[in-house]
Amino acid sequence: MTKKEKVKQIIKKRPLRTPAEIISPVREIKLDSFQENAINYLENGDNVLVAAPTGTGKTLIAERIIEKVLAVGKGIVYTSPIKALSNQKYRDFSVLFGKDKVGLITGDVSLNERALLLVMTTEIFRNWCFANPEMMDNISHVIFDELHFLDDRERGTAWEESIIFAPVHIKILGLSATVPNIKELASWISEVRQQPVEVIIEKSRAVPLELNWITPEGDVLNESEAEDFITQFSEKRKGRTESSFTSGSGFSAKGK
Amino acid sequence: MALLSNSPSCSQIIDSIQEHLPALYFTFSRGKTELLAEELSIEWDFLLPHEKKQVNSIISQAELLQPGLFGSRRQRLKEIITQGIAYHHAGLPPALKDLVERLYENRLIFVLFCTETFAVGVNFPAAATIFDSCRKWDGREFRGLINREFFQMAGRAGRRGFDPVGMVYLRIDKRFPEQTGFYNESLVEPVRGRLTISPNTVLSLLYWKTDNEINRLLDQNLAVYQNNKEGRRIRLELIEIKEALSGIGSVFCDQLDTAYCYMFRSNLKKEFRSLSRKNQRLRIGTKERKEEIRNLLKRPQKKCHHRPCSEAKRKINELTEKKLRLERRIRTLGNHSRDYERDFNGVWDLLENLSYVDGRELSARGIFALHLHVQEILVTEMVFNGLIRDGQPALVAAILAGVDFVPGRDDYVVPCPHDLREVETLCRSLIRSGMPETMCVWSSLPGALASAWYQGCTFEELQAMTNFQEGDIFSVIRREIDLLRQIERAAGKDIELVSQIEHIRLKLDRDEIAVPGI
């Protein structure tokens, strides 16, 4: 490192923090009650929809049911909305369940197609539902991750056709972000597949959120302060642009 | 480089929230993630010496696996990563995205500037999420984020078992304070059915499904289900309104709407006053009507408590208005459920006109298109008129790269070395024969890239041919590989075609374009 670089580094700002705060992501052993419930329903052979905020542990439900299905020698399909995510899941599951147990089928990649656990894009699963349902005789479950993609203008169709035409012996586990009409989705699936669908709703976040707003001066405000600030700021700005047409960019200098 | 004259600047924001790092800083433009990362790196350095060493060793390992990982274009990223700052968007080459994700998971990145895709799927939690703005281009228009989108992203804040709360920060932009977003998790939008009927759907239904199953898709899809449900609710409401209306009527006496009734008289008085206005006075018939009203009002008014009657009248008007609104809504819903049948029949007719089907029987073209999932008619036509089968492989690679490609305004690629006019002619003639333009989407623009990559050029050479970012070049070729695999499946026992296509695919699926890590 040259002297000049050293100087440059020293004058850079550093955040207030302690040097070592490594937290390794702990895999929770104990299940929350909503996870417990979902797994129980699935073990009873029900279809299940889970609506829960991100980070509450929907993935854990998926992993547990995969474990159970693999243990009895049945097949299971995991579908994800984006290719990059499918690749990622394939890698994760390979570590968890062993590379020989996992296959990956997206439009442009196809690995270990005969594995019991198949990671697919939803489009591929949809195609199988039309073209080769007989290839899915041994498959007992399909997991739809990010089920709320049903509402996607371009791609929702793949989810709908999958749900409507998945062979009847395949049970569905749908994982969704928080949506207000998850029960409606369940009763639709129940009607179109002529099977009961259980619903699990987890409202509270594992970690609650706190929304804040940051002003042009860098001050942190809460919601009502932010609303007041914006009203006042907009009025002030309107006033100023009317009275000082000629001052151009003088506004930012005066603002301080 | 030019600094963003943003206020508050990202450096200011980090200053205010520095107790809540690591942070994901969301913006809705790739360019902006890069500019902001650059800007922050001028003032900030988050890593301690031993962490810098860690970063450097992770980088050298990755470079060992993929030499030239950062290329010429991402040297700055390599520098700022050692300060604990990075950016992540779809334009990055996948191997670099992986590297950034790995560093983030190892807690070596303190501020990550990223786009929406970072919040889909894999959970990368942070202490805080920051929104540079809450408006995005959704392919059609600039619009504010809806609650569902916002909380999908914001919810990345708060690491389980570590942060008591997840901090979310929304920037109030000095220039557009009125565009500041306000969100409420209890107002997250419901999921609506979005089924659309594509040629592939119709072919698949006709070939593989029974009439009953076809009807199930058309009559029981989510949109129809939701419409029916709403329809049932409205019908119940209409019955209630009807009952309420007939109940209210009993208040009136039999002199309602006669000159003895208070309400009728006050209406007459109102009319009289309006007829006396200047603009009415000279109209034909005004004089006579005024005389008539005067005579009617000469009659005595019934002595009664008119208040209940006025109340009832007001209520009736209100309910009638609501009834009309609901009846209109019922009609729209009815039209919608017929839409699916109409769409299905429309596409079926089109397929019949193009000789893909005859009734429920699929022709050779129809069977071929059954295996295609993007621009299925256009690609089938390319194959059946010989463009794909007889073309030189490099030319075929160029043609197929353009399928379903919509060039952006500023996209640039060197001109294609092949003559692609035949494809343009094909598209034009299909559109003339009644194909909707959305089923004929093709562009010559990416052709040169696919052709050069087929012929074995390096990724650096590809980059020199275009202003596409690495990730975009990657996805153009990966999408073509996807399409080639579909065509191989469609070709089935046509060994010549299969080997032509497979040959091209294997030439394309190599080096930087191969999917990393699997």
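Every chain begins its residue count from 1, and numbering advances along the sequence as written. All chains are assigned letters beginning with A, and all ligands numbers beginning with 1, in the order in which they are written. In view of the model being predicted, local features appear only for residues whose pLDDT reaches at least 70, and side-chain atom pairs are presented and counted only at 80 or more, with totals across whole chains, interfaces and linings using the full set of residues. As a rule here, side-chain values come from all non-hydrogen atoms in the structure, and water together with hydrogens is ignored.

(A) Structural context of the overall build of chain A. Strands here are runs of E lasting at least two residues and helices are runs of H or I lasting at least four, both read from the DSSP assignment and numbered beginning at the N terminus. The helix and strand tally for chain A stands at nine helices and 10 strands. Each residue is placed in one exposure class: buried if its accessible area under a 1.4 Å probe, protein chains only, is under 20% of its type's maximum, exposed if it is over 50%, and partly exposed if it falls in between. Out of the 256 residues belonging to chain A, those deemed buried represent 51%. For this analysis, residues touch if any pair of their heavy atoms sits within 4.5 Å. Residue pairs in contact within chain A that sit at least 24 positions apart in sequence constitute 63% of those at least 6 positions apart. A total of about 12300 Å² of accessible surface is found on chain A, and carbon and sulfur atoms cover 54% of it. The protein chains shown are the only cover counted for residues, whose accessible areas, like all others here, come from Shrake-Rupley with a 1.4 Å probe.

(B) Highlighting the overall build of chain B. From N to C terminus, chain B includes 22 helices and nine strands. Radius of gyration here uses only the C-alpha atoms, and the compact-globule reference equals 2.2 Å multiplied by the residue count raised to the power 0.38. Computed over the C-alpha atoms, the radius of gyration of chain B is 34 Å, more than 25% above the 24 Å expected from 2.2 N^0.38 for a compact globule of 518 residues. Taking the principal axes of its C-alpha atoms as reference, chain B extends roughly 105 × 70 × 50 Å. For chain B, the residues scored as buried account for 50% of the 518 residues in total. Placing the 74 positive and 70 negative side-chain charges of chain B at their respective mean positions leaves the two points 13 Å apart. Neither His nor the chain ends is counted toward charge; the positive residues are Lys and Arg and the negative residues Asp and Glu. Here the site of a charge means NZ on Lys, CZ on Arg, CG on Asp, or CD on Glu.

(C) Region of interest: the sheet that holds strand β4 (residues 128-131) of chain B. Only strands joined by at least two bridges in the DSSP assignment are considered to pair. The strand order β10(A)-β9(A)-β7(B)-β4(B)-β1(B)-β3(B)-β2(B) describes an open sheet built from seven strands, whose pairing is mixed. Each end of this open sheet is capped by a strand with a single partner; those strands are β10 (220-221) of chain A together with β2 (85-88) of chain B. One ladder, built from four bridges, connects strand β1 (residues 23-26) of chain B with strand β3 (residues 111-114) of chain B; its direction is parallel. Bridge assignment links Tyr-25 of chain B to a residue of β3 of chain B, and that residue is Phe-113 of chain B. Set on the sheet, helix α2 (residues 30-43) of chain B makes contact with β1, β2 and β3 of chain B; between it and β2 of chain B the angle comes to about 180°. Lines fitted to the C-alpha atoms define the axes, with helices restricted to the stretch that makes contact. Angles between their N-to-C directions range from 0 to 180 degrees. Here helix α5 (residues 94-105) of chain B sits on the sheet in contact with β1, β2 and β3 of chain B, set at roughly 135° to β2 of chain B.

(D) Molecular detail of the domain arrangement of chain B. How far each domain reaches was decided by an automatic or database domain assignment. Looking at chain B, the domain boundaries give domain 1 (10-187), domain 2 (237-327) and domain 3 (371-513). Computed over C-alpha atoms, the centres of domain 2 of chain B and domain 3 of chain B are 72 Å apart.

(E) Just the interface of chain A and chain B, in detail. Facing the 86 residues of chain A at the interface are 98 residues of chain B. Summed over both partners, the accessible area lost on bringing two parts together, with a 1.4 Å probe, is the buried area. A combined buried area of about 8300 Å² lies between chain A and chain B, and 55% of that area is made up of carbon and sulfur atoms. Salt bridges are identified by distance alone: a Lys or Arg side-chain nitrogen within 4 Å of an Asp or Glu carboxyl oxygen. Glu-185 of chain B is paired through a salt bridge with Arg-205 of chain A; the nearest N and O atoms lie 2.8 Å apart. Within 3.5 Å is the distance limit for a polar contact, defined as a pair of N or O atoms, with the added protein rule that one can donate a hydrogen and the other accept it, and that residues adjacent in sequence qualify only through two side-chain atoms. Summed over the shared surface of chain A and chain B, the number is 35 residue pairs in polar contact (both at pLDDT 80 or more). Elements represented by at least two residues in the side of chain A that touches chain B include exactly α4 (83-97), β4 (110-111), α5 (122-131), α6 (156-165), α7 (182-193), β9 (209-214), α8 (223-243) and α9 (250-255) of chain A. A total of eight residues in the side of chain A that touches chain B trace back to one element, the largest contributor, which is α8 of chain A. Class assignment for the residues of the side of chain A that touches chain B results in 39 nonpolar, 21 polar and 26 charged. As judged from the six bridges shared by β9 of chain A and strand β7 (residues 166-171) of chain B, these two strands associate in the parallel manner. Its bridge partner being in β7 of chain B, Leu-209 of chain A is matched across the sheet by Gly-166 of chain B. Here the nonpolar group is Ala, Val, Leu, Ile, Met, Phe, Trp, Tyr, Cys and Pro; Asp, Glu, Lys and Arg are the charged ones; every other residue, Gly included, is treated as polar.

(F) Main features of the environment of Ile-14 of chain B. Residues and elements named next belong to chain B. Note on placement: Ile-14 falls in helix α1 (residues 10-17). Counting along the chain gives 295 residues from Ile-14 to Cys-309, while the straight-line C-alpha distance between them is 66 Å. Aside from chain neighbours lying at most four places away, what touches Ile-14 is Leu-40, Trp-44, Phe-46, Val-111 and Ile-130.

(G) Molecular detail of the sheet that holds strand β3 (residues 102-105) of chain A. Residues and elements named next belong to chain A. One open sheet holds the eight strands; their spatial order is β4-β3-β5-β2-β6-β7-β1-β8, and the pairing between them is mixed. Looking at strand neighbours, the two that pair on one side only are β4 and β8 (197-201), the edges of this open sheet. Where β3 lies against strand β5 (residues 117-121), four bridges are found, and the strand directions are parallel. The partner of Val-102 across the bridge, within β5, is Leu-117. Contacts between α4 and the sheet are confined to β2 (75-80), β3, β4 and β5, with β5 contributing the most and set at about 170° to the helix. Across the sheet, α5 lies against β2, β3, β5 and β6 (139-144), angled at about 105° from β5, the strand it touches most.

(H) Structural detail: the domain arrangement of chain A. With domains assigned, chain A is organised as domain 1 (33-201) and domain 2 (213-245). Here the C-alpha centre of domain 2 of chain A lies 47 Å away from the C-alpha centre of domain 1 of chain A.

(I) A look at the packing of aromatic side chains. Residue and element names in this part refer to chain B. Side-chain rings of Phe, Tyr and Trp (the six-membered ring for Trp) are treated as a pair once their centres are within 6.5 Å; stacked means planes under 30 degrees apart, edge-to-face means over 60, and tilted covers the remaining angles. All told, the structure shown has 23 aromatic pairs over all chains when counted by the stated rule. Centre to centre, the rings of Phe-150 and Phe-151 are 5.1 Å apart; their planes meet at 90°, and the pair counts as edge-to-face. Taking the relative accessible area as the measure of exposure, Phe-150 reaches 0% and is therefore buried. With relative accessibility at 7%, the residue Phe-151 sits in the buried group. Here the aromatic cluster, defined as three or more aromatic residues joined through ring pairs, consists of Phe-26, Phe-131, Phe-150, Phe-151 and Tyr-183. Here, over-ring charges are defined by two tests on the NZ atom of lysine or the CZ atom of arginine: distance to the ring centre within 6 Å, and angle to the ring normal within 35 degrees. The positively charged end of Lys-507 is found above the aromatic ring belonging to Tyr-454, 5.9 Å away from the centroid. We note Arg-510 situated over the ring of Trp-453; from NZ or CZ to the ring centre the distance is 3.6 Å.

(J) Fine view of the confidence of the model for chain A. Of the residues in chain A, 83% have a pLDDT of 70 or more, and the chain-wide mean is 85. The predictor attaches a confidence to each residue, called pLDDT, with possible values from 0 through 100. This model gives residues 244-256 of chain A a pLDDT under 50, and the stretch forms nine contacts once residues within four places in sequence are excluded.

(K) α7 of chain A, seen in detail. To estimate the expected span of a helix, count its residues, drop one, and scale the result by 1.5 Å. The first and last C-alpha atoms of α7 of chain A sit 16 Å apart over 12 residues, in line with the 16 Å expected at 1.5 Å per residue. Packed against the buried residues of α7 of chain A are β1 (47-51), α6, β7 (171-176) and β8 of chain A together with α8 (211-220) and α9 (222-248) of chain B.

(L) Spotlight on α5 of chain A. α5 of chain A sits mainly inside the fold: eight of its 10 residues count as buried. Contact partners of the buried residues in α5 of chain A: β2, β3, β5, β6 and α6 of chain A together with α7 (199-208) of chain B.

(M) Molecular detail of the packing of helix α2 (residues 33-43) of chain A against helix α3 (residues 58-71) of chain A. All names here are of chain A. Two elements in contact, α2 and α3, have axes separated by 10 Å at closest approach and are oriented at 35°. The element α2 and its partner α3 pack so that their crossing is right-handed. On the side of α2, the interface is formed by Phe-34, Gln-35, Ala-38, Ile-39, Leu-42 and Glu-43, while α3 contributes Leu-60, Ile-61, Arg-64, Ile-65 and Lys-68. The hand of a helix crossing depends on one turn: near helix anticlockwise from the far one by less than a right angle means left-handed, and clockwise means right-handed.

(N) Region of the structure containing the pairing of β7 of chain B. Residue and element names in this part refer to chain B. For β7, the buried fraction is high: six of the six residues fall into the buried class. On β7, burial covers both faces: Gly-166, Val-168 and Leu-170 on one face and Met-167, Tyr-169 and Arg-171 on the other are all buried. Pairing of β4 with β7, which is carried by four bridges, proceeds in the parallel orientation. The partner of Ile-130 across the bridge, within β7, is Tyr-169.

(O) Broad picture of the environment of Arg-505 of chain B. All names here are of chain B. By the secondary structure assignment, Arg-505 is in helix α22 (residues 495-508). For Arg-505, a relative accessible area of 13% gives the class buried. Between the alpha carbons of Arg-505 and Arg-478 there is a distance of 9.8 Å; along the sequence they are 27 residues apart. In this view, Arg-505 contacts Ile-481, Leu-484, Arg-485 and Glu-488; residues no more than four positions away in its chain are not counted.

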